[in-house]
Amino acid sequence: MADTLPSEFDVIVIGTGLPESIIAAACSRSGQRVLHVDSRSYYGGNWASFSFSGILSWLKEYQENSDVVNESPAWQEQILENEEAIVLSRKDKTIQHVEVFCYASQDLHEDVEEAGALQKNHASVISGSPTEAAHSAYLPSEDESLCTVSCEMPTEQTPSSDLEPALEINDVEVTGEKEKRYDDKTCVKSASEEETSENVPTAEDTALPPKKNRITYSQIIKEGRRFNIDLVSKLLYSRGLLIDLLIKSNVSRYAEFKNITRILVFREGRVEQVPCSRADVFNSKQLTMVEKRMLMKFLTFCMEYEKHPDEYKAYEEITFSEYLKTQKLTPNLRYFVLHSIAMTSETACNTVDGLKATKNFLRCLGRYGNTPFLFPLYGQGELPQCFCRMCAVFGGIYCLRHSVQCLVVDKESRKCKAIIDQFGQRIISKHFLVEDSYFSENTCSHVQYRQISRSVLITDRSVLKMDSDQQISILTVPGEEPGTFAVRVIELCPSTMTCMKGTYLVHLTCTSSKTAREDLEPVVQKLFTPYTETEIENEEVEKPRLLWALYFNMRDSSDVSRNSYNDLPSNVYVCSGPDCGLGNDNAVKQAETLFQLICPNEDFCPPPPNPEDIIIDGDSLQSETSEFSVIPEANSETPKESTSLGNPEEASQ
């Protein structure tokens, strides 16, 4: 592939995380020639999603990760006397303190078909095939000619969503297999149709309740393709920047979403559902009539708090928790507002930030459902791929498993002029965007990183049983000791296409104070009980049983200043990895800011043109004059389309 790459581009993007993918799409859409490369074998970087065997292989890669010695110093010979090289790292150090536990019983009589089987109980060494590390992360193809796109595909693929012009919200379970179409000119399908279809639940899968028989580790391995395990756990605010960008750019047609059905709270050792909409408040049996009126009055104030500065100006310097005490709210209400609506902790934010968070929560209610949040089917890793597809549609070139040896910097101008890849090819560009993890220790010697504690669990039932077993929940568990952070828990059911039937996939996230296991295991012990083989099959267990657990720390580079990096040229831009926040606003803001530096005065990810409006070079003057009759018609349709997208509550179930 390297031999066929052009030698010059306008923008080179290194890394396929969400910010990099958005920027690549925006630049390609504005007419820039974009090369998007990643040394990994999958799309998304630390934003990716994996099948079960894929996550084991990913862990093995990190276990065996070491600095790779260049086989040939040929690239060094290409550095001229008036140039110098910024060597990029060949070792990803963003993941640390990995620990894996398996509690599900291992039936030795069952044949384990999936590679990457982990022996029962704790293990620090994971076995698996490195080629399977990207089972669920890939660049989907579509029914458009992408002759200029060069891309590599992992061996296993998850189904791509149907192409719809609107942001599609699934309130019902998927009852049939999606049609999968591939473009011969872009990518070669390497998995068989039978293998690809295994990840798509049928009506029987989603309609039947989970069976009560025990789930073995062999079953998890065999059904591994039904899992889509996110490295970073996030949700989309229904009126957040990412949803607005998906709708504006029409990238939403590449993905499907489900509503978060409930918001939970952990209080006094119990999990309870939080009333957040007006109907929920007045139907709640947890609140007295007086509390319901107090809560509605306070939430109404939060929606327009800027109009009443006298109500909060005197309390700007104190914490939001202390401010709530001045509002004559009961302890019950203060707990709900603080931890489940503002989603903060006792000491984490001041009054103004708390009011902003509460207003943001409230303004997102009702757009797509009774909660403010959406979750992408097949996992968070779908989102970078959606923007990669948009970039490819407008001519971007993609290369996976393609590492970059160094950036070439001109000594006089102090600007980067080219990269040299693993094959020694020198590729010239005007602008370079590099994901933080690719920089070497020399470049990052003065950077101070924060850490995110992450845990992924597979359980046998929900933390709060209800009539429906297809609930998607978010739960905040406040820190008990001073200096500890609140833990965010997101529980996903099989209808999200992230786990096999009869199980739930649970993500825990918090800002690190220790290792991930030390930070998160106390919360895991409160909510779940480890699976034991001695349990009677029909015995009712109070807590959900834990089948499998993964703990790891992830680097948070979101608050790192550009000035912290050593001697970066002005045309080299840094993209950070995932932050600890619930939403994706930081990634979108970062992408838009960097895009404006590269393409000032250009529109950020505008909608794609109507195919009827596209004038092919060489058309006759008659075709050009007909453009004027087509454009008004297209413009007259555009408001109708944006209206249907902007008011999804009218179309949502």
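So, here is what we can say about the structure in this document.

Rules used in this analysis
Residues numbered from 1 in each chain as written. Predicted model: local features only at pLDDT ≥ 70, side-chain atom pairs only at ≥ 80, totals over all residues. Heavy atoms only, no water. Helix = DSSP H or I, 4+ residues; strand = E, 2+ residues; numbered from the N terminus. Buried < 20%, exposed > 50% of the residue type's maximum accessible area, 1.4 Å probe, protein only. Contact = heavy atoms within 4.5 Å. Areas by Shrake-Rupley, 256 points an atom, 1.4 Å probe, with all protein chains shown as cover. Pairing = 2+ DSSP bridges. Axes fitted to C-alpha atoms, helices over the stretch in contact; angles between N-to-C directions. Phe/Tyr/Trp six-rings, centres within 6.5 Å; stacked < 30°, edge-to-face > 60°. Core = buried A, V, L, I, M, F, W, Y, C linked by side-chain atoms within 4.5 Å. Domains from an automatic or database assignment. Salt bridge = Lys/Arg side-chain N within 4 Å of Asp/Glu carboxyl O. Parallel < 35°, antiparallel > 145°, perpendicular 65-115°, else oblique. Nonpolar A, V, L, I, M, F, W, Y, C, P; charged D, E, K, R; others polar. Expected span 1.5 Å × (residues − 1). Arc of directions from axis to C-beta. Left-handed = near helix turned anticlockwise from the far one by under 90°. Polar contact = N/O pair within 3.5 Å; in protein donor to acceptor, adjacent residues only side chain to side chain.

1. Examining the overall build of the protein chain
- Across its full length, the protein chain holds 17 helices and 24 strands.
- With 653 residues in all, the protein chain has 56% of them scored as buried.
- Considering only residue pairs separated by 6 or more positions, the protein chain has 76% of its internal contacts joining residues 24 or more positions apart.
- For the protein chain, the computed accessible surface area is about 28300 Å², with 48% contributed by carbon and sulfur atoms.

2. A short note on the sheet that holds strand 14 (residues 404-410)
- If you trace the four strands from one edge of the open sheet to the other, you get 4-14-15-16, paired in antiparallel fashion. Whereas interior strands pair on both sides, the edge strands pair on one side only; in this sheet they are strand 4 (83-87) and strand 16 (426-428). Across the sheet, the axes of successive neighbouring strands diverge by a mean angle of 30 degrees, strand direction being ignored.
- Bridge count between strand 14 and strand 15 (residues 416-421): five bridges; the pairing is antiparallel. What sits directly across from valine 409, in strand 15, is cysteine 416.

3. Details of the packing of aromatic side chains
- Scanning the entire structure with this criterion turns up 17 aromatic pairs.
- Centroid distance tryptophan 58 to phenylalanine 552: 5.9 Å. Interplanar angle 70 degrees. Geometry classified as edge-to-face. Within this pair, whereas tryptophan 58 is found in helix 2 (residues 52-64), its partner phenylalanine 552 is found in strand 23 (residues 545-556), the two being separated by 494 residues in sequence. Neither residue differs from the other here; tryptophan 58 and phenylalanine 552 are each classed as buried.
- Measuring from ring centre to ring centre gives 6.2 Å for phenylalanine 320 and tyrosine 323, while their planes differ by 20 degrees; the resulting arrangement is stacked. Taken together, the positions of phenylalanine 320 and tyrosine 323, both in helix 10 (residues 320-325) and three residues apart, correspond to about one turn of that helix.

4. Considering the environment of serine 41
- Assignment of secondary structure puts serine 41 in the loop between strand 2 (34-37) and strand 3 (49-50).
- A residue is classified by how much of its surface remains accessible, and serine 41, at 13% relative accessible area, is buried.
- C-alpha separation for the pair serine 41 and cysteine 399, spaced 358 residues apart in sequence, amounts to 9.3 Å.

5. A word on the nonpolar core
- Phe52, Phe298, Phe320, Phe373 and Trp548 are the most contacted members of the largest nonpolar core, which has 101 residues in total.
- Here the element with the most residues in this core is strand 23; it accounts for eight residues.
- Looking at this core, you find at least three residues from each of domain 1 (8-93 + 378-448 + 558-598) and domain 2 (277-364).
- With 47 residues, the next largest nonpolar core counts Ile22, Val34, Cys386 and Tyr573 among its residues.

6. What about the sheet that holds strand 24 (residues 572-575)?
- Pairing is parallel in the open sheet, where five strands are placed in the order 13-2-1-17-24. Each of the sheet's edge strands pairs with one partner strand only, and the pair in question is strand 13 (397-399) and strand 24. Adjacent strand axes in the sheet meet at a mean angle of 15 degrees, parallel and antiparallel pairs treated alike.
- Contacts from helix 1 (residues 18-29) reach strand 1 (11-14), strand 2, strand 13, strand 17 (431-435) and strand 24, with the element oriented near 160 degrees to strand 2.
- Against the sheet, helix 15 (residues 585-598) makes contact with strand 1, strand 17 and strand 24, and its axis sits at roughly 170 degrees relative to strand 24, the strand it touches most.

7. A word on the pattern of salt bridges
- For the structure shown, the criterion picks out 25 salt bridges.
- For glutamate 435, the salt bridge goes to arginine 40, with nearest N and O atoms at 3.9 Å. Of this pair, glutamate 435 sits in strand 17 while arginine 40 sits in the loop between strand 2 and strand 3, and the two are 395 residues apart along the sequence. Here glutamate 435 matches arginine 40 in class, with each residue buried.

8. Quick look at the packing of helix 9 (residues 289-303) against helix 12 (residues 351-364)
- Contact geometry for helix 9 and helix 12: axes closest at 8 Å, N-to-C directions at 100 degrees. Here helix 9 is positioned roughly perpendicular relative to helix 12, judged by the angle of their axes. Contacts between helix 9 and helix 12 pair Leu299, Phe301, Cys302 and Met303 from the former with Leu355, Thr358, Lys359, Leu362 and Arg363 from the latter.
- Grouping the constituent residues of the contact of helix 9 with helix 12 by class yields six nonpolar, one polar and two charged.

9. Things to note about the pairing of strand 18 (residues 450-459)
- Of all 10 residues making up strand 18, eight are buried, and the element is well covered by its neighbours.
- Note: strand 18 against strand 23, 10 bridges, orientation antiparallel. Looking across to strand 23, one finds that isoleucine 458 is bridged to tryptophan 548.
- Pairing between strand 18 and strand 21 (residues 504-511): eight bridges, direction antiparallel.

10. Considerations on the side chain of threonine 498
- Locating threonine 498 in the fold gives a position in the loop between strand 20 (487-492) and strand 21.
- Under the relative-accessibility criterion, threonine 498 is labelled buried at 0%.
- The residues contacting threonine 498, other than those within four sequence positions of it, are Arg226, Phe227, Asn228, Phe375, Tyr378, Gly379, Leu492, Cys493 and Leu505.

11. As for helix 15
- End to end, helix 15 covers 20 Å across 14 residues, agreeing with the expected 20 Å (1.5 Å per residue, within 8%).
- Within the span of helix 15, buried status applies to Ala587, Val588, Gln590, Ala591, Leu594, Phe595 and Ile598. Buried residues of helix 15 fall within an arc of 165 degrees about the axis and therefore sit on the same side.
- Residues of helix 15 that are buried sit in contact with strand 1, helix 1, helix 7 (241-249), strand 17 and strand 24.

12. Quick notes on the packing of helix 9 against helix 11 (residues 331-341)
- Between helix 9 and helix 11, the shortest axis-to-axis distance is 10 Å and the interhelical angle comes to 40 degrees. Classified by the angle their axes make, helix 9 and helix 11 are oblique. The way helix 9 lies across helix 11 gives a crossing that is right-handed. Here Glu291, Met294, Leu295, Phe298 and Leu299 of helix 9 lie close against helix 11, whose contacting residues are Asn332, Leu333, Val337 and Ile341.
- Looking at the contact of helix 9 with helix 11, its residues break down into seven nonpolar, one polar and one charged.

13. So, the environment of threonine 371
- With respect to the element layout, threonine 371 can be found in the loop between helix 12 and strand 12 (373-376).
- Considering only alpha carbons, one finds threonine 371 and isoleucine 263, 108 residues apart in sequence, at a separation of 7.5 Å.
- Within polar-contact distance, the side chain of threonine 371 engages the backbone oxygen of isoleucine 260 at 2.5 Å.

Interpretation note: all reported values are geometric properties and have no functional meaning in isolation.
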